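Breakdown of the fold
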Amino acid sequence: MDLIVAKFGGTSVGNGSRIKKAAQSVVNEFMKGNQIVAVVSAVNKTTDELIELSNDAIGAGLTDSQKAAIMAMGELTGARLFSAAIESLGVKSEVIDPYKDIWPIITDSNSLEAKIDFDATSKKSENIKNLINQGIIPVVCGFLGKGPVGEITTLGRGGSDISAFLMGHCLGADEIIIVTDVDGVMSTDPNKIEEAELLDEITVEELMDLATHGAQVLHPQALKYKDPLISAKIINFANGDLDTKGTKIIGPFEGDMLKSVSIYPNPISLIALVGERMLKKVGLLANLTGVLAENNINIFGISAGQNSMTAFLDKNDSIKAYHKLHQLVIEDDSLSSLSLGKDTAMITLVSPDIIDTPGIISGITEPLRKNNINIVEITSSQTAVVVFVDWKDGEKAYNLVKEVLK
Ligand SMILES: Nc1ncnc2c1ncn2[C@@H]1O[C@H](COP(=O)(O)OP(=O)(O)O)[C@@H](O)[C@H]1O
Ligand SMILES: N[C@@H](CC(=O)OP(=O)(O)O)C(=O)O
């Protein structure tokens, strides 16, 4: 007997027959002997409509907490429709919403982008387990939370995916299934490029990057709660069957809950190409990477400015790269010179919190400044910050950056 958390996005419950089909797919799993929790979003575009309605009616006078309570109506209705559809098929079900004591997802008081109190949520999830053990199918409102004074909060647009992974984690589920309007994760958005191909599987790390760079298919914060031991997949509602293959989400493979700090074991050399108005020169980057690729040299990072371009390479490759790139400088009129910089240590911090934690970069740089450690380069994306310091400072900087995660 497996415990499954199945999340139904807005499109998968987009009309009456879809709700019926979705409820049937949940009941089918229950009849096979599995335990199941449904997490349900607002029907179709209800959230957008509620926002538009309140903007038209109230406009700037609308407070965040009023907006959250109005938006919540979408999920409050969706969950009731879903639960009633399950009961109409002869199985007991209960709606779980933030107005009830049993509600598990506890947050801070930020009405529109609430932060989850993981410990409180874990504790309160026990009540949901009791319900499941009584043979009842809980239907949990996605997207919603309950703040410190019992008020409704929301987890941010698209937040029902977070609700599903959080519930899956806290309940110790065997599987999390995200039911949506595409066959799974594709090579790109299939609504933009028709030839997009379905991926059989994707790692948490890859999907997190895809999602933070705008692929709507899953909320990036949801993957924070993906436990390596819990199976997860994304499937199309059109199948009407939760057993469908879709795209399997595997991992995470790095660190605990996707957070890690690492130091590359070898020194990293910085090679800078200098030239006038380099950013305006077409194909320069391709030439740089082409030369390195031809010589089987791996690139750990590239930074580009108006008049220079720097490649980060393993020290063992740097002399060879230096000579090969010099040839490029001689041949290309827009390049004036090349310099092989000092040895640096590369420290990488990976965390899904980077995207929504103001001050995380200064949290890293401040302790380095206080310890008189000079930062040679720093690059950041939505999920990783990479800091380069003098090689001699590497170990100390690594220990300081590790403290940031704590
Ligand atoms: N690489 C991708 N693979 C699959 N879908 C993608 C991808 N990038 C963007 N999408 C979009 O994500 C949408 C599904 O997410 P969303 O609309 O939030 O669904 P739901 O309402 O079920 O939560 C798809 O309709 C698709 O347009
Ligand atoms: N209904 C909310 C939450 C959500 O996650 O919806 P969906 O699962 O349809 O993306 C929204 O539109 O933002």
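Criteria and thresholds
Residues numbered from 1 in each chain as written. Chains lettered and ligands numbered in written order. Predicted model: local features only at pLDDT ≥ 70, side-chain atom pairs only at ≥ 80, totals over all residues. Heavy atoms only, no water. Salt bridge = Lys/Arg side-chain N within 4 Å of Asp/Glu carboxyl O. Buried < 20%, exposed > 50% of the residue type's maximum accessible area, 1.4 Å probe, protein only. Helix = DSSP H or I, 4+ residues; strand = E, 2+ residues; numbered from the N terminus. UniProt positions renumbered as here; feature names shortened; annotations may be inferred. Near = heavy atom within 4 Å. Polar contact = N/O pair within 3.5 Å; in protein donor to acceptor, adjacent residues only side chain to side chain. Areas by Shrake-Rupley, 256 points an atom, 1.4 Å probe, with all protein chains shown as cover. Nonpolar A, V, L, I, M, F, W, Y, C, P; charged D, E, K, R; others polar.

1. As for the pattern of salt bridges
A side chain of one charge can pair with a side chain of the opposite charge if their charged atoms are brought near each other. In the structure shown here, the tally under the stated rule is 14 salt bridges. With a closest N to O distance of 2.8 Å, Lys-32 and Glu-29 form a salt bridge. Owing to a relative accessible area of 5%, Glu-29 belongs among the buried residues under this scheme. The residue Lys-315 makes a salt bridge to Asp-343 at a minimum N-O spacing of 2.9 Å. Of the two residues, Lys-315 sits in helix 8 (residues 315–331) while Asp-343 sits in strand 15 (residues 335–350), which places them 28 residues apart along the sequence. Taking relative accessible area as the criterion, Lys-315 reaches 37% and is therefore assigned partly exposed. Connected through salt bridges with shared partners, the residues Glu-29, Lys-32 and Asp-243 form a single ionic network.

2. Structural notes on the UniProt feature "domain: ACT" (unreviewed entry) in the protein
The feature "domain: ACT" (unreviewed entry), as annotated in UniProt, sits at residues 349–406 in this numbering. Between the C-alpha atoms that bound residues 349–406 the distance is 12 Å, and the span itself is 40% helix and 26% strand.

3. Some points on the site of ligand 1
Around ligand 1 sit 18 residues, and of these Thr-180, Asp-181, Met-186, Asp-189 and Asn-191 come closest. Here an oxygen atom of ligand 1 and a backbone polar atom of Gly-10 are 3.3 Å apart. A distance of 2.8 Å separates an oxygen atom of ligand 1 from a polar atom in the side chain of Asp-189. Contact with the protein chains hides 87% of the accessible area of ligand 1, taken as 570 Å² for the molecule alone. Looking at side-chain class alone, the shell around ligand 1 contains 7 nonpolar, 8 polar and 3 charged residues.

4. Looking at the site of ligand 2
If you check the shell around ligand 2, you find Lys-7, Gly-9, Gly-10, Ser-41, Ala-42, Thr-47, Glu-75, Phe-143, Arg-157, Gly-158, Gly-159 and Ser-160 and nothing else. Contact distances for ligand 2 include 2.8 Å between an oxygen atom and a side-chain N or O atom of Lys-7. Between ligand 2 and Thr-47 there is a distance of 2.8 Å, counted from a nitrogen atom to a side-chain nitrogen or oxygen. Surface burial for ligand 2 is 83%, taken as the share of its 340 Å² of free accessible area covered by protein chains. The residue inventory of the shell around ligand 2, partitioned by class, reads 2 nonpolar, 7 polar and 3 charged.

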